[in-house]
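Secondary and tertiary structure notes
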Amino acid sequence: MSLSLLAGVWWGVVGLALGSFLTVVIARLPDGRSVVSPPSHCPSCGHRLGPGELVPVVSYLAARGRCRHCGASIPAWYLAVELAAGAGSAALAWLLFPAARLYPALLLWLVGIAASAIDLKVRRIPNVLLAAAAAILAAVLAVGGMRGYLAAVEGAALLSAFGLLVAVVGRGGMGMGDVKYLTLVGAALGPRGGLVALYATMLTGGLYAIALLATGRARKGMRIAFAPFIAAGSMVGAVLGPEVWRWYGGWAA
Ligand SMILES: [Zn+2]
C-alpha cells in the first residue's frame, strides 16, 4: 500500500469523526447553543446517545435514520455531512500527502462544509466558526515558521481587500461574513493559492447569479448564500493552485 493511499484511509476515518462533530456544530451554532454541552441527544425526545449511536455513518444506517428511542427520523443532511467530511478528507490526503499544504486544505474543507450548511440554513456565517478556524490555522501554520505566517498575512490582506470591494460594489450580493470567510481562505492558502480560489469563487458564484437573473428567479435585495461557492473555490485553490501558477510559469518565482 502506497503512503498516499495510507494517508487517504487514515484521514478518511478522521474526517468521518470530525464530520460527526460538524453535524453538532451545524445544528447548534445558528441558535448560539454550545457545541460541547449538553452531549449529543435526540432533538425529538431528548434521549442521550450512547457510544453505539455515535459511530459516524454506521449508526445512521443501522438505525435506518431514526432515533432508537422514539422513532423520530433524523434528517438526511446528518449523513450527507459525515460522508462529505470523510470522503473529502480522504481525497485531499490521497492527492496532497505529504505536502505541508494538505493541512490547511483539510481545515478549509471541514470549515467549508459547516459554513456552507449554516449559510444555506440561516443566510449567515457565524463569527465563532471563522474565529475557531483561524485559531486552528495559526497552530497549523506554526509548522511552516515565519515564512508561512508572512504568506498567510499577504493572502489574508489580498482576499479581504477583494472581498470588501465586491461587497461594496455589489451592494449586498456579498455580505461581511463572506468577506471574513474569504480572508480565512487567503490566510490558509497564501496569496497565490488564494488568488486561484478567489477566481474560482467569483466564476462559479457569478455564473450562478447570472443563471438566477436569466431565469427570472432573482429578486431585488435577495441574499445569495455565497459560502458554498467560497468553499468550492477554496478547494480549487488548495488542490490546483500550484498547477495553475506553474502554467503561468510563476509558481517558482
Ligand atoms: Zn428520540
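1. Some words on the overall build of the protein
- Each helix and strand in the protein was counted, giving eight helices and zero strands.
- Counted from the first residue to the last, the protein has its helices and strands arranged as α-α-α-α-α-α-α-α.
- Here the protein has a C-alpha radius of gyration of 19 Å; the compact-globule value for 253 residues is 18 Å, and the two agree.
- By principal-axis analysis of the C-alpha atoms, the protein measures approximately 60 × 55 × 30 Å.
- Counting every position in the protein, which comprises 253 residues, the buried fraction comes to 39%.
- Nonlocal contacts in the protein, meaning residues at least 24 apart in sequence, comprise 72% of its contacts between residues at least 6 apart.

2. A few points about helix α1 (residues 3-28)
- With 26 residues, α1 extends 37 Å between its outermost C-alpha atoms, agreeing within 8% with the 38 Å of an ideal straight helix rising 1.5 Å per residue.
- Among the residues making up α1, those that are buried are G8, W11, G15, L16, L18, G19, S20, L22, T23, V25, I26 and A27.
- Where the residues of α1 are buried, they touch α3 (76-96) and α4 (102-122).

3. Let's talk about unusual backbone geometry
- The omega torsion across S37 and P38 is 0°, close enough to zero to call that bond cis.
- Inspection of the secondary structure puts P38 in the loop between α1 and α2 (58-62).
- Cis geometry is found at the peptide bond from F97 to P98, where omega equals 5°.
- With respect to the helices, strands and loops of the structure, P98 is situated in the loop between α3 and α4.
- Positive phi outside glycine occurs at R64, with the angle close to 50°.
- Residue position: R64 is located in the loop between α2 and α3.

4. Focus on the domain arrangement of the protein
- Its domain assignment divides the protein into domain 1 (1-98) and domain 2 (99-253).
- Between the C-alpha centres of domain 1 and domain 2 the distance comes to 24 Å.
- Among the secondary structure elements, those contributing two or more residues to the side of domain 1 that touches domain 2 are α1 and α3.
- The element contributing the most residues to the side of domain 1 that touches domain 2 is α3, with 10 residues.
- Split by residue class, the side of domain 1 that touches domain 2 holds 17 nonpolar, two polar and no charged.

5. Quick word on the nonpolar core
- Ranked by internal contacts, the top residues of the largest apolar core, which has 65 residues, are L110, A114 and V185.
- The element best represented in this core is α4, accounting for 14 residues.
- A domain split of this core shows at least three residues from each of domain 1 (1-98) and domain 2 (99-253).
- Every residue in contact with V185, bar those within four places of it in the chain, is listed here: L108, L159, G194, A197, I230 and S234.

6. Thoughts on α4
- End to end, α4 covers 30 Å across 21 residues, agreeing with the expected 30 Å (1.5 Å per residue, within 8%).
- Most of α4 sits inside the fold, with 18 of its 21 residues counted as buried.
- Looking one or two residues past α4, R123 carries a phi angle of roughly 60°, positive in sign.

7. What about the packing of α1 against α4?
- Direction vectors running N to C along α1 and α4 enclose 30°, while the axes themselves pass 10 Å from each other. On the basis of the axis angle, α1 is roughly parallel to α4. Note that α1 runs across α4; the crossing there is right-handed. Where α1 abuts α4, its residues W11, L18, L22, V25 and I26 lie against L106, L110, I113, A114, A117 and I118.
- Within the contact of α1 with α4, the residues separate by chemical class into 11 nonpolar, no polar and no charged.

8. Quick word on the environment of S20
- Within the secondary structure, S20 is located in helix α1.
- Each C-alpha atom of the pair S20 and R123 lies 22 Å from the other, and the pair is 103 residues apart in sequence.

Basis of the calculations
- Residues numbered from 1 in each chain as written.
- Predicted model: local features only at pLDDT ≥ 70, side-chain atom pairs only at ≥ 80, totals over all residues.
- Helix = DSSP H or I, 4+ residues; strand = E, 2+ residues; numbered from the N terminus.
- Rg over C-alpha atoms; globule rule 2.2 N^0.38 Å.
- Buried ≥ 20, exposed ≤ 12 C-beta atoms within 10 Å, placed from the backbone.
- Contact = placed C-beta atoms within 7 Å.
- Expected span 1.5 Å × (residues − 1).
- Domains from an automatic or database assignment.
- Nonpolar A, V, L, I, M, F, W, Y, C, P; charged D, E, K, R; others polar.
- Core = buried A, V, L, I, M, F, W, Y, C linked by C-beta atoms within 7 Å.
- Axes fitted to C-alpha atoms, helices over the stretch in contact; angles between N-to-C directions.
- Parallel < 35°, antiparallel > 145°, perpendicular 65-115°, else oblique.
- Left-handed = near helix turned anticlockwise from the far one by under 90°.

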